Structure formats: structure tokens, C-alpha cells
Amino acid sequence: DSRRGRTVLFGGDPRTSRFLFDTWVLTDAGWDTISSPTTPPARARHVLGYDRVHDQIVLFGGLGGADGDVLLADTWVFDGVDWKPVGGPGPSPRDDAALAWSYARQRLVLFGGRDSVNTTASDTWEWDGDGWVEVPIDLGLRPQSRGNHVLTSSRDGVFLIGGDAELPRAPDDIWEFRYEGIRL
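Residues numbered from 1 in each chain as written. Predicted model: local features only at pLDDT ≥ 70, side-chain atom pairs only at ≥ 80, totals over all residues. Heavy atoms only, no water.

### Some points on the overall build of the protein
So, step 1. Of the regular secondary structure elements, the protein holds zero helices and 15 strands.
So, step 2. For the protein, whose C-alpha radius of gyration is 16 Å, the value lies close to the compact-globule estimate of 16 Å for 184 residues.
So, step 3. With respect to the three principal axes, the spread of C-alpha positions in the protein is 45 × 35 × 30 Å.
So, step 4. The proportion of buried residues among the 184 residues of the protein is 48%.
So, step 5. Residue pairs in contact within the protein that sit at least 24 positions apart in sequence constitute 44% of those at least 6 positions apart.
So, step 6. Carbon and sulfur atoms form 53% of the exposed surface of the protein, whose accessible area is close to 9,400 Å².
So, step 7. Computed over 19 positive and 28 negative side-chain charges, the inter-centroid distance for the protein is 3 Å. (Helix = DSSP H or I, 4+ residues; strand = E, 2+ residues; numbered from the N terminus. Rg over C-alpha atoms; globule rule 2.2 N^0.38 Å. Buried < 20%, exposed > 50% of the residue type's maximum accessible area, 1.4 Å probe, protein only. Contact = heavy atoms within 4.5 Å. Areas by Shrake-Rupley, 256 points an atom, 1.4 Å probe, with all protein chains shown as cover. Lys, Arg positive; Asp, Glu negative; His and termini not counted. Charge placed at Lys NZ, Arg CZ, Asp CG, Glu CD.)

### Observations concerning the sheet that holds strand β10 (residues 124-127)
So, step 1. Pairing within the open sheet is antiparallel, and its four strands lie in the order β8-β9-β10-β11. Of all strands in the sheet, those bounded by a partner on one side alone are β8 (98-102) and β11 (132-134). Neighbour to neighbour, the strand axes of the sheet diverge by 30° on average, direction disregarded.
So, step 2. For β8 and strand β9 (residues 107-111), the ladder comprises five bridges, and the chain directions are antiparallel. (Pairing = 2+ DSSP bridges. Axes fitted to C-alpha atoms, helices over the stretch in contact; angles between N-to-C directions.)

### With respect to the nonpolar core
So, step 1. Counting 12 residues, the largest nonpolar core is built from Val47, Val58, Phe60, Val77, Ala97, Leu99, Trp101, Leu108, Leu110, Trp125, Trp127 and Trp132.
So, step 2. Mapped onto this core, the elements with two or more residues apiece are β5 (56-64), β8, β9 and β10.
So, step 3. Here Trp127 is in contact with Asp51, Gln56, Val58, Thr75, Val77, Val86, Arg107, Leu108 and Trp132, once residues within four sequence places are set aside. (Core = buried A, V, L, I, M, F, W, Y, C linked by side-chain atoms within 4.5 Å.)

### What about unusual backbone geometry?
So, step 1. One non-glycine residue, Asp55, lies in the positive phi region at around 50°.
So, step 2. Looking at the secondary structure, you find Asp55 in the loop between β4 (47-51) and β5.
So, step 3. According to the relative accessible area criterion, Asp55 is buried, its value standing at 17%.
So, step 4. Residues other than glycine seldom take positive phi values, yet Asp96 does so here, at roughly 60°.
So, step 5. Its location among the elements puts Asp96 in the loop between β7 (83-86) and β8.

### Observations regarding the sheet that holds β7
So, step 1. If you walk across this open sheet you meet the four strands as β4-β5-β6-β7, and the pairing is antiparallel. The outermost strands of the open sheet, each flanked by one partner alone, are β4 and β7. Averaged over all pairs of adjacent strands, the angle between their axes in this sheet comes to 25°, without regard to strand direction.
So, step 2. Pairing of strand β6 (residues 70-78) with β7, which is carried by four bridges, proceeds in the antiparallel orientation. Bridge pairing in β7 links Thr75 to Val86.

### Here we look at the side chain of Arg43
So, step 1. Note on placement: Arg43 falls in the loop between β3 (30-34) and β4.
So, step 2. For Arg43, a relative accessible area of 0% corresponds to the buried category.
So, step 3. Only 2.7 Å separates the side chain of Arg43 from the side chain of Asp74, close enough to count as a polar contact.
So, step 4. Dropping the residues within four chain positions of it, Arg43 is found in contact with Phe10, Gly11, Gly12, Phe19, Leu20, Leu59, Gly61, Leu63, Gly64, Leu72, Asp74 and Trp76. (Polar contact = N/O pair within 3.5 Å; in protein donor to acceptor, adjacent residues only side chain to side chain.)

Given below as C-alpha cells:
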């Protein structure tokens, strides 16, 4: 959350108990918890990103449920005070996806992840401030499907780095998504 000068953290897996559903912020003064009237369900392995245009933190998907065995496909936005659910179409249920801000498009970009049978995805979605829009990409120019990868902002789009994928091997490649196509 660059406007407020802080990093936001939600939920997670403490490995000693059930998934968490608390919101924390890191500022120059240190970590502090935020109590909001509404909160997303507990989860881990979700994605969070800051939408600079709409000044909101966006949370998508992850792994939740009472036993931590349910893939989620819900979207929530955090305005710095409260969480609000956002309905509408969007990516399929998944965990281990990646999310990054595109300065070129002024939108958050989501790529990949894993479904309920541990199959990796290769679809790309944009958050436009109100909902998700799938980005059509030529199958010949699409990176290998993957989860546990990194997306990070570049001047012209986003970089996709590494991750885990289906056999025969894990990807060790870097792609730049520039919207006129994906460049290797």
C-alpha cells in the first residue's frame, strides 16, 4: 500500500494450527494488527496485490476451509480500514498463483496457480478495479503452466520467473508479458 506507506499481510499458515484470517500492516514503526468489521475467511497460499489506481489491496483465492482442503476463488478488496467481498466472474479456484502490478496497463495481473487436482494453470487475468477480465493469449506464445512462481513489475509489463510445473521439468525461464505478446 504505497499511498499509506505500508505493507499489508493477510492470513497464512502458522503450521501449528488452522489457517489465519488476521490483517497486519508493516510501517516504519513496525508491525501492527488491524481489526476490520468484515474479514475474508481464513486462508493460505493466496495472492495479494496493491491496485494503485483504485487505492485498494486485492486478495484472490488460496486454500481454505475448516480442514484447509478447499480451493477458493473469491476476491476481496481492502481500503485500508475494511475488507469487502467482490462478486462476479473471475479465475477458477486455485492456490499458488502470482499477482503483480502492470505500470503499462495500470492493472493487477494474475498468472497460473494450481487447481484441486494439483494441475497447474497457464491463464492470465487482469483486475480492472471492479472485477477480473481474462486476457486472451495465443497458445503458441503462452508460458508453460505453473504455480509457486514470481510475477514482478517491469517498465513495460510484468516478468514471470520460475515456479513449479507439470513434468517433464520445472520451469527455470523468465518471460516478460508486454500485451503485444509474451516475449522470451
